[in-house]
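So you can see what is in the structure, the chains are spelled out below.
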Amino acid sequence: MKSRSAEFRRLWGYSVGFYGVWIAHIGRQTGLFDRLSKGTLSAKDLASSTGLYGPAVQAWASAAESYGFVTKSDGKLELAPQVAELLLDRSHPEYLGGQIAYLALRSLEFGKLAGLFKQGATHPVVSNFEAIEEATHWDHFAFLNAIRRNKSLDLLLRKGCRFLDVGCGTGTLIAKLLNEYPRTNFVGIDASRKAIGQARKLLGAKTFRLMKAEAMAFSNEFDIAYLGESLYSAQNKQKATDNCFRALKKNGIIAVIEGLLPTSEIRADENKLIMGMQLDFALQGHRFLTSKEIQSILKKSGFRSVRLKALGGAVYLITARKQ
Ligand SMILES: C[S@@+](CC[C@H](N)C(=O)[O-])C[C@H]1O[C@@H](n2cnc3c(N)ncnc32)[C@H](O)[C@@H]1O
């Protein structure tokens, strides 16, 4: 490889990275990593203890060893350092398992990209919500940590307030928040019947309403309105945030978590994921907002004290207040 040009090695790295994503995803999805996190064992014993097909586990194990996910000594496989935290621990700040699962699952629909480029045909996410749920656990823990660090917000939720989750998906954020803030009253709305159905199964029917953000008619009722990776997909973003403004009480807070498209340093490693993900979003008929666009939308709705906090990988927590 040393004799190859730098450009060749760069492109070779992309091919290897593709398989790296799949080795990691399969290791998580099938429970192979999980089993290895409990102790070392041979590939044969790994297959029998997980009930998986032996030859496939053998192939995975040697691939995982080659890619550094596991090490082998005396014929026994062991998880490499940090793999458990980075790929299995959802609350770890450097958790990448969700992102890897999202990439693997979404790539199953990328055959449709040809139609986008030839006819402009967009394609909503048809898979169940697994890819989205996997990816958003990271956002949820980042949001929870931001709340815990903000003493007044933490106290407000602890004492009990009213929290509106706009585009709540399958309700997994509300489940996490309820666990920590049982005195707070949560309402989740989502435009997808399927998502609301799953959310109701998780936490009961009362908390969730099938509704578009653009059609919300709440007025002066909530202390916090949260939009977790949902604003980008609202057809009328201004109407969605106008409705959040009206839904909030005076001094209420809007909190948005979104990937924001960088306008500089697009070759930086930190920004490469979102730059690539533009293809996935274009296929769904969406695009990422820039920080300028989101600030302007929030200010037009009447929000003040707009603040952006970088959470890493071009994902931001944007907060603003209704004064
Ligand atoms: C990427 S998912 C995020 C789900 C959830 N907020 C989370 O963090 O787990 C985006 C969600 O927004 C919903 N959504 C998209 N446009 C919407 C709209 N205009 N009004 C309400 N919900 C919307 C989708 O149905 C989907 O469930």
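Analysis parameters
Residues numbered from 1 in each chain as written. Predicted model: local features only at pLDDT ≥ 70, side-chain atom pairs only at ≥ 80, totals over all residues. Heavy atoms only, no water. Helix = DSSP H or I, 4+ residues; strand = E, 2+ residues; numbered from the N terminus. Buried < 20%, exposed > 50% of the residue type's maximum accessible area, 1.4 Å probe, protein only. Contact = heavy atoms within 4.5 Å. Areas by Shrake-Rupley, 256 points an atom, 1.4 Å probe, with all protein chains shown as cover. Lys, Arg positive; Asp, Glu negative; His and termini not counted. Charge placed at Lys NZ, Arg CZ, Asp CG, Glu CD. Disulfide = S-S within 2.5 Å. Axes fitted to C-alpha atoms, helices over the stretch in contact; angles between N-to-C directions. Parallel < 35°, antiparallel > 145°, perpendicular 65-115°, else oblique. Nonpolar A, V, L, I, M, F, W, Y, C, P; charged D, E, K, R; others polar. Pairing = 2+ DSSP bridges. Polar contact = N/O pair within 3.5 Å; in protein donor to acceptor, adjacent residues only side chain to side chain. Arc of directions from axis to C-beta.

### Some thoughts on the overall build of the protein
The helix and strand inventory of the protein stands at 14 helices and nine strands. Evaluated residue by residue, the protein yields a buried proportion of 43% over its 323 residues. In the protein, the proportion of contacts linking residues at least 24 apart, taken out of those at least 6 apart, comes to 64%. Element-wise, carbon and sulfur atoms account for 53% of the exposed surface of the protein, whose accessible area totals about 16,900 Å². Computed over 45 positive and 29 negative side-chain charges, the separation of the two mean positions in the protein equals 6 Å.

### Concerning the state of the cysteines
Evaluated as defined, the whole model comprises zero disulfides. With no disulfide partner, C161 has as its closest neighbouring cysteine sulfur the one in C244, 15 Å distant. Cysteine C244 is unpaired, with the sulfur of C168 as its nearest cysteine sulfur at 13 Å. What makes C244 buried here is its relative accessible area of 0%.

### What about the packing of helix 8 (residues 130-149) against helix 9 (residues 151-159)?
At a minimum axis separation of 5 Å, helix 8 and helix 9 run at an interaxial angle of 100 degrees. Classified by the angle their axes make, helix 8 and helix 9 are roughly perpendicular. Across from I147, R148 and R149 in helix 8, the residues of helix 9 making contact are K151, L153, D154 and L157. A breakdown of the residues in the contact of helix 8 with helix 9 according to their chemical character gives three nonpolar, no polar and four charged.

### What to know about the pairing of strand 9 (residues 315-321)
As defined by bridge partners, strand 7 (residues 248-259) adjoins strand 9 across seven bridges and the pair is classed as antiparallel. Bridge pairing links A255 to T319 in strand 9. Between strand 8 (residues 304-312) and strand 9, which follow one another and run antiparallel, lie two residues, and G313 among them has a positive phi close to 60 degrees.

### Overview of the side chain of T184
Within the element layout of this structure, T184 appears in the loop between helix 10 (172-180) and strand 4 (185-190). In this structure the side chain of T184 is engaged in a polar contact, spanning 3.1 Å, whose partner is the backbone nitrogen of C161. Contact partners of T184, with chain neighbours within four places excluded, come to L156, L157, G160, C161, F163 and L178.

### What to know about helix 14 (residues 291-301)
Within the sequence span of helix 14, burial applies to I294, I297, L298 and S301. End-on, the buried residues of helix 14 take up no more than an arc of 95 degrees, which puts them together on one face. Set apart from the buried face of helix 14 by more than 90 degrees, the exposed residues are K292 and K300. Residues of helix 14 that are buried make contact with helix 12 (237-247), strand 7, strand 8 and strand 9. Remark: G302 follows helix 14 within two positions and exhibits a positive phi of approximately 115 degrees.

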